[in-house]
Amino acid sequence: MVKKTIQYIVFLVGMFMASWAVSSPLKVTITNGNISRTDIAIMPFYMPQKTPHLDKIATDIRDIIMNNLENSGLFVNVDEMAFLQTPKDVATKGPDFSKWMLVKTDALLSTELTVENTSKGVQYKLLVTLWDVSSSKALYSNTYSMSDVAIKRTPNLMRRYAHVMSDDIYTRITGEGKYFDSEVVFVAEDYDENRQKRKRLAIMDQDGANIRYLTSGTDWVVTPRFSPDGNFIAYLSYRKQNITGGNNRQIQREVAGITLRDRYSLKQKFIKTPGKTFYAPQFSPDSKYMILSVLSGRSSDLWVVYNAKKGNALDVSGQLRAKKLLSRPANTDYVDTTPYYSPDGKNIVFVSDRTGTAQLYTMTANGKNVRRISGGGGQYTTPVWSPRGDKIAFTKSLNGRFHIGIMNTDGTGEQLLTGSYFSEGPTFSPNGRVIMFSRQTKDTDEMYLMSVDITGKNERRLSPPKNASDPNWSKLR
Amino acid sequence: MKSKNILMAVALGALLSGCFGAGQGGQSETQSSTTGGIVDTKGGTISKTIENVVSDFEEKVATDITVYFAYNKYILSDEAKVALDKQVEFISQYEGLVVVVEGHADERGTREYNFALGQKRAEAVRAYLESKDNGRNKYKVISYGKERPVVLGSGETVWSKNRRGVTVIQ
């Protein structure tokens, strides 16, 4: 995936000083379902001129990197107490590999933070070298340049540097695609001052930090989805509208429909047509279309919505047109819902209970070649297509238990990754390796976010956020 | 139960179907909702305010404003139809009301699928009420999926109370 450059800052990732190891011994291997994890030592930043301000930057960045790597389930951070070299020694004299082999370290990140006064203001230089301990080779060196003006102006920009640095380490050692520099849009659940439950639209970094609320809770929000560029969010919302009721009374009635919201300007458009309810939205990969489910009478059908004038990106100011994707035989009331595009935009996976139980189907994006892909007992819902194009994840309920599972896009190779009282709504990380989903504990009304590796390992709870549901993972930023 | 009221309602029902037949109400002697009238079946404007109608409905129909459904189903049971008949009895005394049917699902399903299920339940109730109401009143439907449980907890006793259709007069 081509990563977008940050608009307001020049991002220097240059200076690859060392040669790449020809065959890295540090590939993560999976044998018999057991992942071998890389033991990595991330040195505290060596700072020739140390100040409390610099120390805070260095500590925060290092913490984020260590958390990212360990949370992926593919790394273990070597305890700092075990380090036999100081940060200064490693940075200035280089690693003494025998000392690192003693404490069973596979990889070592040597780090240095310096300050430079340039014509563009104060720049923080983060110089890192990633070492393979057993072969005594440098895997790469990078200098990341952070502008003081920029990090002061944009809160949490510094976190993005840590995520990018984490991705460089992760991808070099595991061979997997990057995923740390990404966001998740979700529904934040809590109670207002009148102890009424409320659901607000929220965005966070994929590590659960930097949570921002985009709505106040006046409207009830569920099932949000990012547009491919991350600028828009579509979600089902309940909002109160002023309507003339019986006897010409002015009353407030709640209506359900899709809200399309610009996540920066917060401008929004509510999509509702009399007699029809739109829900379960998703954007096509090229942003030309929004596909959604439409309830009309007793049937739920799949429709595509597009911007009539602009033809391209959906925006909140345009006129929207809609057309039904699949024809429906008369007098049927089966449900077609939760459509999701493949990453190349050519196919769609969706749920239909036309055979009596909820099952997964694929079709081409123009609504042809409908094919059932799920088999087995139980009900299959909420399918999502991996960004790698190779897998579909879903929720499966069977015998009173709920599972998050994956299958190949033709339905073969079904694997259940988790099982519990209640889990739902998987979403893939940008590299297709990690799945985030919602879970609810029995006898509580509260949901929270979980993540699990595609092997089914490393199932863990995200905290923060305390209570949340319906996550949707962005692309790599 | 007040048997006198039931007899009254039945008598009024019979009168109504004789006078108005099918189609939209609001012609001839009756006032339509656009000109502000909730009418009773004798064709005059009632002195009741709609707030009174709403509270009367809740009082007289009471627990029968809610009907229940089997797991994953949206078919009306015989019990449900009995409750709905009571609703019809009351509602069909009037004309020009706006009746909202809410459809709900229990928590044992995913969000969007339960949203569709709630809709189908609400539609089943709406279709039944409308078929017996002869176009006197207007009906709206909203699905709340599993977003508005009335009882929290687990187990069939709890879940069965949440799988419901609720009729509200607005």
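Residues numbered from 1 in each chain as written. Chains lettered and ligands numbered in written order. Predicted model: local features only at pLDDT ≥ 70, side-chain atom pairs only at ≥ 80, totals over all residues. Heavy atoms only, no water.

## Quick notes on the confidence of the model for chain A
Then comes step 1: For chain A, the average pLDDT comes to 90, and 90% of its residues sit at 70 or higher.
Then comes step 2: Throughout residues 1-25 of chain A the model reports pLDDT below 50, and contacts reaching past four residues in sequence, or to other chains, amount to 48 contacts. (pLDDT = per-residue confidence, 0-100. Contact = heavy atoms within 4.5 Å.)

## Things to note about the packing of aromatic side chains
Residue and element names in this part refer to chain A.
Then comes step 1: Within the structure shown, the criterion is met by 16 aromatic pairs over all chains.
Then comes step 2: Where Phe83 meets Trp100, the ring centres are 5.2 Å apart and the plane angle is 65 degrees; that geometry is what we call edge-to-face. Highlighted residues: Phe83 in the loop between strand E5 (75-77) and helix H2 (87-93) and Trp100 in helix H3 (residues 97-102), separated in sequence by 17 residues. No difference in accessibility class separates Phe83 from Trp100, as the two residues are buried.
Then comes step 3: Taken together, a centroid distance of 6.1 Å and an interplanar angle of 70 degrees make the contact between Tyr179 and Trp473 edge-to-face. Of this pair, Tyr179 sits in the loop between helix H5 (157-174) and strand E9 (183-191) while Trp473 sits in strand E32 (residues 468-473), and the two are 294 residues apart along the sequence.
Then comes step 4: Using a relative accessible area of 8% as the deciding quantity, one classes Trp473 as buried.
Then comes step 5: What links up through ring pairs into an aromatic cluster is the set Phe75, Tyr170, Tyr179, Phe180 and Trp473. (Phe/Tyr/Trp six-rings, centres within 6.5 Å; stacked < 30°, edge-to-face > 60°. Helix = DSSP H or I, 4+ residues; strand = E, 2+ residues; numbered from the N terminus. Buried < 20%, exposed > 50% of the residue type's maximum accessible area, 1.4 Å probe, protein only.)

## Here we look at helix H3 (residues 78-91) of chain B
Residues and elements named next belong to chain B.
Then comes step 1: Along its 14 residues, H3 runs 20 Å from first to last C-alpha, staying within 8% of the 20 Å computed at 1.5 Å per residue.
Then comes step 2: Along H3, the positions that sit buried rather than exposed are Ala80, Ala83, Leu84, Gln87, Val88, Phe90 and Ile91. Projected onto a plane normal to the axis of H3, the buried residues spread over an arc of 160 degrees and lie on a single side. Facing away from the buried side of H3, by more than 90 degrees, are the exposed residues Asp78 and Glu79. (Expected span 1.5 Å × (residues − 1). Arc of directions from axis to C-beta.)

## Observations concerning the sheet that holds strand E24 (residues 379-385) of chain A
Residue and element names in this part refer to chain A.
Then comes step 1: Pairing in this open sheet of four strands is antiparallel, and the strands run E24-E25-E26-E27 from one edge to the other. If you trace the sheet from one side to the other, it starts and ends with E24 and strand E27 (415-420), each paired once. Each adjacent strand pair in this sheet contributes to an overall mean axis angle of 20 degrees, direction not counted.
Then comes step 2: As paired elements, strand E26 (residues 401-408) and E27 share five bridges and run antiparallel to each other. Its bridge partner lying in E27, Gly405 is registered against Leu416. (Pairing = 2+ DSSP bridges. Axes fitted to C-alpha atoms, helices over the stretch in contact; angles between N-to-C directions.)

## Looking at the pairing of strand E20 (residues 336-341) of chain A
All names here are of chain A.
Then comes step 1: Across the six residues of E20, six count as buried, placing the element largely inside the fold.
Then comes step 2: With four bridges connecting them, E20 and strand E21 (residues 347-352) associate as antiparallel partners. Note that in E21 the partner of Tyr340 across the bridge is Val349.

## Re the packing of H3(B) against helix H4 (residues 111-133) of chain B
Residue and element names in this part refer to chain B.
Then comes step 1: Across the interface, H3 lies against H4 with an axial gap of 10 Å and an inter-helix angle of 45 degrees. By the angle between their axes, H3 is oblique relative to H4. For H3 against H4, the interelement crossing comes out right-handed. Across the interface between the two elements, Lys81, Leu84, Asp85, Gln87, Val88 and Ile91 of H3 pack against Val125, Tyr128, Leu129, Lys132 and Asp133 of H4. (Parallel < 35°, antiparallel > 145°, perpendicular 65-115°, else oblique. Left-handed = near helix turned anticlockwise from the far one by under 90°.)

## Some points on the confidence of the model for chain B
Caution is warranted with low-pLDDT regions, since their predicted coordinates should not be read in detail.
All names here are of chain B.
Then comes step 1: Per-residue confidence for chain B gives a mean pLDDT of 79; residues scoring 70 or more make up 72%.
Then comes step 2: Per-element mean pLDDT across chain B ranges from 31 in helix H1 (residues 3-19) up to 98 in strand E2 (residues 66-68).
Then comes step 3: Contacts from residues 1-37, a stretch scored under 50 in pLDDT, to residues over four places away or in other chains number 41 contacts.
Then comes step 4: Scoring the predicted complex yields pTM 0.88 and, for the interface, ipTM 0.89.

## As for the pattern of salt bridges
Residue and element names in this part refer to chain A.
Then comes step 1: Under the counting rule described, the total for this entry stands at 42 salt bridges over all chains.
Then comes step 2: Here Glu176 and Arg433 are joined by a salt bridge, their closest N and O atoms 2.7 Å apart. Placement of the pair is Glu176 in the loop between H5 and E9 and Arg433 in the loop between strand E28 (423-428) and strand E29 (434-440), with a sequence separation of 257 residues. Arg433 carries the same exposure label as Glu176, and that label is buried. (Salt bridge = Lys/Arg side-chain N within 4 Å of Asp/Glu carboxyl O.)

## Topic: the interface of chain B and chain A
Then comes step 1: Facing the 40 residues of chain B at the interface are 46 residues of chain A.
Then comes step 2: Inspection of the region where chain B meets chain A yields five salt bridges.
Then comes step 3: A salt bridge links A:Lys199 to B:Glu147; the shortest N-O distance between them is 2.7 Å.
Then comes step 4: Those elements giving two or more residues to the side of chain B that touches chain A turn out to be helix H2 (50-61), strand E4 (98-104), H4 and strand E5 (138-145) of chain B.

## Digging into H2(B)
All names here are of chain B.
Then comes step 1: In a regular helix each residue adds 1.5 Å, so twelve residues correspond to 16 Å; H2 covers 16 Å between its end C-alpha atoms and thus fits that length.
Then comes step 2: Within H2 the residues assigned to the buried category are Ile50, Val53, Val54, Asp56, Phe57 and Val61. All buried residues of H2 fall inside an arc of 165 degrees around its axis, so they share one side.
Then comes step 3: Tucked into the core, H2 has its buried residues touching H3, strand E3 (94-95) and strand E6 (164-169).
Then comes step 4: Following H2 by one or two positions, Ala62 adopts a phi angle in the positive range, close to 50 degrees.

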